[in-house]
Amino acid sequence: MLLLAPFLDAPPGGKDAIFGWGVFDAWDSVHYRNIATLGYEYLNDGKGHNVAFFPLFPLIVRGMMNFGLPFEVAGVIVNNVAFLAALYCVYFWVKEFHNLQGARWATAVLAWCPLSMFTAVIYTEGLYLFLSTAALRAFDQHRYTWTAVCGAMATATRPTGLALIPAFLITAWKQKRSPIAYLAGLATSGGILLFSLYCQIQFDDPLAFIHAQKGWRSTVGFDWQGWWKMLMQITVGTANWKHGWIKDPLHPLLFAAIVIIGFLIWRDRQRLGAAKADYGFAALFLLLWILAGDPLLNTISVLGSAYLLWHLRTKLTLITVIYGFCGLGLIFASGGTWSLSRIAYGIVSFSIALGVLLSRYPRYGYLTLCFFTILLASFSMRFAQELWVG
């Protein structure tokens, strides 16, 4: 973002990247800047307001700014340091319940996932991943004070922190834990309750942070139209979907060819050998991504994560699986289909599940990391040039 983007020409719809802290400050970062410097603003007028963004990250950034740091420097430091702490937590947590190889792969997946770009810029991904992972690991270790503290801070960082509350309560019930486990799970709601109290005092609306979402998501619930659109974009192409008929037959023909070749490789995988079959599937997936783009990544991020959690449900701790499914429930009920891959990345269960799976199939693991590297570089350049990512 610093060494390459400033030397590239501005793309259509983007801006020239200038060497400096500004490459990390775009899109949602603007809202965090306004909160940290000017505070929250809100009117119940159906438009987007910055009260939709949770308070802990801008509060910490503001605290660092009081020591003389510019907003960009403080925001980058908070997100990056928190993400390093998240990697630490993931590594030792997976090592405890699985093994060393699973811990290494889970950490690699979390670090090299293309959406990890958001842990380097002025967003909340790094902080939320650290707090939610620390709370989950503490719950697994029956350290309920840390569960409550880290969980409450997580619910004050991102809306997806709400998934922690039912995850802790359901796990406590399934594992027949002591009453203090239930109390710790309920205490996790402390962050969002304090934010709600602030909204009541400041704006006379305890749910202002929900009502402010109308500027971005007009309704809540399963967005079947959005999911249908993504499916059509993958299979028949965006141009054909917009026209309502097959105007350009090339996209569906290429998609059908990829599916057919994939089936033939799967059918003849024993004759081809494991290595050739694996590389063939990897090449086909790369072609499918080039063909379908972001809709494919958004769809796989959610549906693929759901499959992984179910497939590996006996290999992961119960709280990891339940938190993952609770997070999926929030995603499906969010009322939109944009930024799905970024939201899914913030649910640490998915990276852990993929890491555990790849530890059993290292060839696929290295191919996955190579693909992640390509996407990570692409996403970084796009963000630095203020193009939409995620």
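Residues numbered from 1 in each chain as written. Predicted model: local features only at pLDDT ≥ 70, side-chain atom pairs only at ≥ 80, totals over all residues. Heavy atoms only, no water.

(A) Geometry of the nonpolar core. Counting 117 residues, the largest nonpolar core has Val51, Tyr323 and Phe383 as the members making the most contacts within it. Counting residues per element, this core draws most heavily on helix 3 (residues 71-97), at 12 residues. Setting aside residues no more than four positions away along its own chain, Val51 makes contact with Tyr40, Glu41, Tyr42, Phe195, Cys199, Phe203, Ala208, Phe209 and Ala212. (Core = buried A, V, L, I, M, F, W, Y, C linked by side-chain atoms within 4.5 Å. Buried < 20%, exposed > 50% of the residue type's maximum accessible area, 1.4 Å probe, protein only. Helix = DSSP H or I, 4+ residues; strand = E, 2+ residues; numbered from the N terminus. Contact = heavy atoms within 4.5 Å.)

(B) Focus on the side chain of Asn50. When you line up the elements, Asn50 lands in the loop between helix 1 (29-38) and helix 2 (56-65). Of the polar contacts made by the side chain of Asn50, one reaches the backbone nitrogen of Glu41; its length is 2.9 Å. In this view, Asn50 contacts His31, Asn34, Ile35, Gly39, Tyr40 and Glu41; residues no more than four positions away in its chain are not counted. (Polar contact = N/O pair within 3.5 Å; in protein donor to acceptor, adjacent residues only side chain to side chain.)

(C) Fine view of the pattern of salt bridges. Scanning the model with the defined rule gives 11 salt bridges in all. Between Glu125 and Arg342 there is a salt bridge, with the nearest N and O atoms lying 2.9 Å from each other. In this pair, Glu125 sits in helix 5 (residues 125-140) while Arg342 sits in helix 18 (residues 340-345), placing the two residues 217 residues apart along the sequence. Exposure remark for Glu125: the relative accessible area of 1% places this residue in the buried category. Given the relative accessible area of 10%, Arg342 is considered buried. The shortest N-O distance in the salt bridge between Arg382 and Asp294 comes to 3.1 Å. (Salt bridge = Lys/Arg side-chain N within 4 Å of Asp/Glu carboxyl O.)

(D) Region of interest: the packing of aromatic side chains. With the rule as written, the count across this model stands at 27 aromatic pairs. Aromatic pair Phe139 and Tyr144: ring centres 5.7 Å apart, planes at 70°, arrangement edge-to-face. We note that Phe139, like Tyr144, is buried. Geometrically, the ring pair formed by Phe222 and Phe332 is tilted, given 6.0 Å between the ring centres and 50° between the ring planes. Within this pair, whereas Phe222 is found in the loop between helix 10 (208-211) and helix 11 (224-235), its partner Phe332 is found in helix 17 (residues 318-332), the two being separated by 110 residues in sequence. Judged by its relative accessible area of 48%, Phe222 falls in the partly exposed class. (Phe/Tyr/Trp six-rings, centres within 6.5 Å; stacked < 30°, edge-to-face > 60°.)

(E) Region of the structure containing a nonpolar patch on the surface. A cluster of nonpolar residues, Phe222, Trp224, Trp228, Leu231 and Trp241, forms a patch on the protein surface that exposes about 580 Å² of accessible area. Per-element tally for the nonpolar patch: the top contributor is helix 11, with three residues. Of note, Trp228 is situated in helix 11. Since its relative accessible area comes to 47%, Trp228 is described here as partly exposed. (Patch = residues over 30% accessible without salt bridge, like charges linked within 9 Å, V, L, I, M, F, W, Y side chains within 5 Å. Areas by Shrake-Rupley, 256 points an atom, 1.4 Å probe, with all protein chains shown as cover.)

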